[in-house]
Amino acid sequence: MEKRLFSLKTLIGSMIFLATLLGPAYGQKKGSKTPAASAPVVLTDAEVEAKVQELLGKMSIEEKVGQMTQVNLNVVLKGGYGNMDGTIDPEALRKAVVDYKVGSILNAINHAYSVETWHQIITAIQDVATKQTANKIPVLYGIDAIHGVTFTSKSTLFPQNIGIGATRNPELSKLAGEITAKETRASGIRWNFAPVLDVGRQPLWPRFPETYGEDVYLVSQMGVASIIGMEGDGNLNRIDRVSSCMKHYIGYSLPLSGKDRTPAYIPERILREYFLPPFRAAVNAGSSTIMINSSEINGVPVHGSKYLLTDVLRKELGFKGLAVSDWEDIIRLHTKHKVAQTPKEAVKLAVNAGIDMSMVPHDYSFYEYLVELVKEGAVSQARINEAVGRILTLKFRTGLFINAYPEKDAMKNFGLPEYKTAALEAARESVTLLKNKENILPLAKGKKILVTGPAAKSITALNGSWSYTWQGNESKYYPDTTAYIFNAIKAKNTGGTTLYAKGSEFDKEADAKKAVELAKSVDYVVVCIGEDAYAESPGVIDELDLPEAQQKLVASLYEAGKPVVIVLVEGRPRIIRKIEDGAKGIIDAYIPGSQGHNAIAEVLFGDVNPSGKLPFSYPRFSGDIIPYDHKYSDKVTELSPGQMGEGGYKPQWPFGFGLSYTKFEYSNLKVSSPTLKGNGSIKVTVDVKNAGSKAGKEAVELYTRDHFATITPSWMRLRKFKKISLTPGQTQTVEFELTKSDLAFIGMDEKTFITEPGAFDVIVGEQKASFNYED
């Protein structure tokens, strides 16, 4: 993956217009409603820095602190949270932007808005910011566009990240990022709070679907691809680019309890080896901003950790961009974490630790406390200038000083037909075939089929969180409220009969008897089970087992004596051990997005050959939540003194598992040299043949295994992967390159990656070869 570096001193490809050198609003004509266009020029790094410093020199302490303050949109709407149409309250807006000099606003209230409504909102805000404030600094608007543009009506929704991880196709992650950037910018918004770079190793966690999976390399690759999709070459002053925001730095995804925003206990070595690398990769890829973990690690809230926010993030990783808090998390240093005795002390702690902008989000307390702290000398003006400099730099980079208003040309990039095709392809490649007993799949068309289960007619389950509302569970806001699995199966089952019965709710019993009676008369039963939409804390669960009502439905369907195929629609791996055995076929669709219903039907009938690979280890038992890259001692346990046996890692399906309707054969695994020396590299090649009768895609994964190390090595680690497409009978030689950094781990100092001399296995499919590393 091509890496791009961005810093205040190294602005790669950043295009700034000549107008930035002119006028009090840096290019906006006084009194003009829309800015005039100017010929673009490239500012040097020194010129960008000079413009930032010039503006800082003009600003009062109050203006600077205002730039560091971010409030929610409800603060400036008529009726606040009761507002349903996005109508601005002029007095409330003036209070925020003129009186409190607020530099950033975020979010939509209650539901998604149309592009036109967004333009009205942004225009109203920028009219005040650029015409009624002393230095005419535009407001930076931020939004959560997690798997598409969450809060814009009729936007394109892709699979949730957990499904993108299953595709093993970084190009799809990049494409999703590009389209999300285009539709976000078309909405008049230039800052997206995505992607999520948390590594998903605690499947109870309700934000698990927002992760790319349990493997650090997989998360890094998919996250970097998304960032490049959104930011391109780093020139954010384009109508098809937005600023990305890597989140949630760091360790958010491993709460001990599995509950959202609860404590994590992560040793330094694990933090650095598994949770820091995606952020390092994102910094190197040029992500412009970062959002901070709402929780605490080892008793220290991340929002108050100068070690993590300054020493590691700034000094080690070299991040130069904007660090924003998460929702209300500065005041929570006082109210929740209890490390600050007063709200004012919480502000002091967070800002001095390294937070540049506070997502307050409902009042002006942060502003008031921080002004006092600066005047008292408790927070230095140098620290304020540092934070505000980062904010202003981002505003320059996104072109806000040129044209703070929604760009009309950007609207042409919204809702294009090819976006639907891209979302469909992403969903297709995510669907993972877990079981195909007696080759029950693909189903024959023209048969009598019963489609049942709570997900069979649930558009909210197919899209999940951040889908036109925060929770994604209000179907009335979806542009197509009939995009159901049932309807897609019915449309595909040409010449046949397709029946429906709900069977059960997600969490309680319903008309299971009706479903069973219908099942007796059909050729196949397709039961769609899993989870309805949820986000963050409302999605907290106490156990991973699939709810009892759904398990009872599936068990009762087996009694009808007809072949049953399970379609899992879920963000987390809900345990189905008790009902797995009776199913003839099982596919996991994860949360496949706006085209998920069509992708599922295509896979079921064989129009698409499934190619997804599990991005997590699918647990068999709730007490066996162990990742694939576990330690040797997780797998081999002492049964009795002197007697060893297999234990530990015994998932329902392992990480990387995924069947196909064709057969792929691996052979001729070769390592270019028996020895990898120093800073050199070795090539690994393997032949992959489509030995079946259907064309198909295969994710070829390369793992390594360290024989011995001073720190106990993992059983194996994913180091590389490539997605290939083969026609029947076709063979392709797949090549990978390994260097010592691919074999590295955190050493005894609990800080530095090292690679020790010794023997390694390289594993691709069922093929294995060995080599040695020498310094």
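Before reading further, recall that the structure is shown in the block above.
Procedures and definitions
- Residues numbered from 1 in each chain as written.
- Predicted model: local features only at pLDDT ≥ 70, side-chain atom pairs only at ≥ 80, totals over all residues.
- Heavy atoms only, no water.
- Buried < 20%, exposed > 50% of the residue type's maximum accessible area, 1.4 Å probe, protein only.
- Helix = DSSP H or I, 4+ residues; strand = E, 2+ residues; numbered from the N terminus.
- Pairing = 2+ DSSP bridges.
- Axes fitted to C-alpha atoms, helices over the stretch in contact; angles between N-to-C directions.
- Contact = heavy atoms within 4.5 Å.

1. Re helix α21 (residues 596–605)
Burial analysis of α21 places nine of its 10 residues in the buried class, which makes it a mostly covered element. Taken together, the buried positions of α21 are G596, H597, A599, I600, A601, E602, V603, L604 and F605. Where α21 terminates, the next one or two residues include G606, which has phi positive at roughly 85°.

2. Overview of the sheet that holds strand β8 (residues 289–292)
Pairing within the open sheet is parallel, and its three strands lie in the order β7-β8-β11. Strands at the two margins of the open sheet, each flanked by one partner only, are β7 (245–249) and β11 (322–324). The mean inter-strand angle of the sheet, taken between neighbouring strand axes irrespective of direction, is 25°. Direction of pairing for β7 relative to β8: parallel, over a ladder of three bridges. Each residue of the ladder has a partner; that of Y249, found in β8, is I292. On the sheet, helix α9 (residues 277–285) packs against β7 and β8 and is oriented at approximately 160° with respect to β7.

3. Examining the pairing of strand β17 (residues 564–569)
Of all the six residues making up β17, six are buried; the element is thus mostly covered by neighbouring parts of the structure. Here β17 shows a buried face lined by V564, I566 and L568 and a second buried face lined by V565, V567 and V569. One ladder, built from six bridges, connects strand β16 (residues 524–530) with β17; its direction is parallel. Residue pairing for β17: V526 is matched across the bridge by V565.

4. Observations concerning the sheet that holds strand β6 (residues 191–192)
Within a sheet, adjacent strands bond to each other through the backbone by hydrogen bonds, running parallel or antiparallel. A sheet is described by the order of its strands in space; here five strands give the open sequence β6-β5-β4-β3-β12, paired in parallel fashion. Pairing within the sheet leaves two strands with one partner each, and these edge strands are β6 and β12 (358–359).

Note that all results are geometric; they support no functional claim without further evidence.
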